[in-house]
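Secondary and tertiary structure notes
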Amino acid sequence: MTEELFATDAYLRSFEAAITEVDRDGGRVALARTAFYPGGGGQPHDLGTLDWGGGPVTVTKVKREAGRIWHWVDSPELPGAGTGLAGEIDWSRRHLLMRTHTALHVLCGVVWSEFAIPVTGGNMEPGSGRLDFPLESISAELGKRLETRINEELAAARSVVVEFLGRDAADADPALIRTAANLIPREIDPLRVIDIVGLDKQADGGTHVASTAEVGAVKVTGTESKGKGNKRVRIQVVDAAG
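Residues numbered from 1 in each chain as written. Predicted model: local features only at pLDDT ≥ 70, side-chain atom pairs only at ≥ 80, totals over all residues. Heavy atoms only, no water.

Thoughts on the domain arrangement of the protein chain
Here the protein chain is partitioned into domain 1 (3–89) and domain 2 (94–238). A straight line from the C-alpha centre of domain 1 to that of domain 2 covers 28 Å. The junction of domain 1 with domain 2 conceals about 1,200 Å² of combined surface from both sides, 51% of it contributed by carbon and sulfur atoms. Run the count over domain 1 and domain 2 and you get 1 salt bridge. For Asp 46, the salt bridge goes to Arg 94, with nearest N and O atoms at 2.7 Å. Taken together, the connections running from domain 1 to domain 2 amount to 9 residue pairs in polar contact (both at pLDDT 80 or more). Looking at the side of domain 1 that touches domain 2 residue by residue, the classes come out as 9 nonpolar, 4 polar and 1 charged. (Domains from an automatic or database assignment. Buried area = accessible area lost by both parts, 1.4 Å probe. Salt bridge = Lys/Arg side-chain N within 4 Å of Asp/Glu carboxyl O. Polar contact = N/O pair within 3.5 Å; in protein donor to acceptor, adjacent residues only side chain to side chain. Nonpolar A, V, L, I, M, F, W, Y, C, P; charged D, E, K, R; others polar.)

Written out as structure tokens, the structure reads:
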């Protein structure tokens, strides 16, 4: 099992680790610990570099498989298992993804507060993303109202807290019903939960900023109907965080 450093410290940019497995045919290595997010929940995997002594090599893909996190690297030669290395995250990209992911959770919270409906799907890239909701209708006017509400919540500087809840406690928490936490496989215990204090609480494995104020501001760039009871809201982070 790979120790997932990103799960407890999203601001960790560099780390040291040992290689545990090498897949030479696949051009990838598994590490004992990593700060690279492997993708999931709509958030793309991280990019960056690994350096085992010959200079940094580019990490082109990261993926979790059976408890291991594999790192694909742009290198013709791979070291052996047991080799120590230093990892470095592409921080500007990661931080923008953190801001984007938190903004999408704020959108979830705003929609829940107005309509008491859950999110049914989503995706993101650095700086932009979309979420789907079981709304009966959607309009540009609703998009503008959501944009105003989102930016009010961002400016409120709500704390974003990472919690680990045992499954019994998580399944009994009414705040998590909106994300159907009880549908997550029981073997995932404890459950990692992202709590935007006073607004939104979800089981989530991704990386987030520590305060909604760090997101900056958001623009709703589109509202679409994807069929009956399935409406899409697109957002973009429009300014630089301090």
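Quick look at unusual backbone geometry
Across the junction of Asp 189 and Pro 190, the peptide omega takes the value 5°, indicating a cis bond. In this structure, Ala 66 takes a positive phi of about 50° despite not being glycine. Its place among the elements puts Ala 66 in the loop between β6 (57–65) and β7 (68–73). One non-glycine residue, Ala 157, adopts positive backbone phi at about 55°. Relative to the assigned elements, Ala 157 resides in the loop between α2 (140–155) and β11 (160–165). With a relative accessible area of 40%, Ala 157 lands in the partly exposed category. (Helix = DSSP H or I, 4+ residues; strand = E, 2+ residues; numbered from the N terminus. Buried < 20%, exposed > 50% of the residue type's maximum accessible area, 1.4 Å probe, protein only.)

Describing the packing of helix α1 (residues 91–115) against α2
Running from N to C, α1 and α2 cross one another at 115°; their axes reach a closest spacing of 9 Å. Considering only the axes of α1 and α2, their crossing is right-handed. The residues of α2 that touch α1, namely those facing Val 106, Leu 107, Val 110, Val 111, Ser 113, Glu 114 and Phe 115, are Leu 142, Arg 145, Leu 146, Arg 149, Ile 150, Glu 153 and Leu 154. (Axes fitted to C-alpha atoms, helices over the stretch in contact; angles between N-to-C directions. Left-handed = near helix turned anticlockwise from the far one by under 90°. Contact = heavy atoms within 4.5 Å.)

Quick notes on the nonpolar core
Judged by nonpolar contacts, the single largest core of 31 residues is most densely connected at Leu 107, Phe 133, Ile 150, Val 218 and Ile 235. Of all the secondary-structure elements, those providing two or more residues to this core are α1, β10 (128–133), α2, β12 (191–196), β14 (218–225) and β15 (231–237). It is α1 that provides the largest number of residues to this core, a total of 10 residues. Not counting chain neighbours up to four residues away, the residues in contact with Phe 133 comprise Leu 107, Cys 108, Val 111, Ile 117, Pro 118, Val 119, Thr 120, Gly 229, Asn 230, Lys 231 and Val 233. The next biggest cluster of nonpolar side chains, apart from the first, holds 20 residues, and it includes Leu 31, Phe 36, Val 59 and Val 62. (Core = buried A, V, L, I, M, F, W, Y, C linked by side-chain atoms within 4.5 Å.)

So, the sheet that holds β14
As summarised here, the arrangement of the 4 strands in space is β9-β10-β15-β14, forming an open sheet in which the pairing is antiparallel. Unpaired on one side and paired on the other, β9 (121–125) and β14 mark the two borders of the sheet. Strand after strand, the sheet turns through a mean of 15° between neighbouring axes, direction not considered. Here β9 runs beside β10; their pairing, made up of 5 bridges, is antiparallel. Paired with Asn 123 across the bridge in β10 is Arg 130. Against the sheet, α1 touches β9, β10, β14 and β15, its axis set at about 25° to β10. Packing against the sheet, α2 makes contact with β14 and β15, and its axis sits at approximately 145° to β14. (Pairing = 2+ DSSP bridges.)

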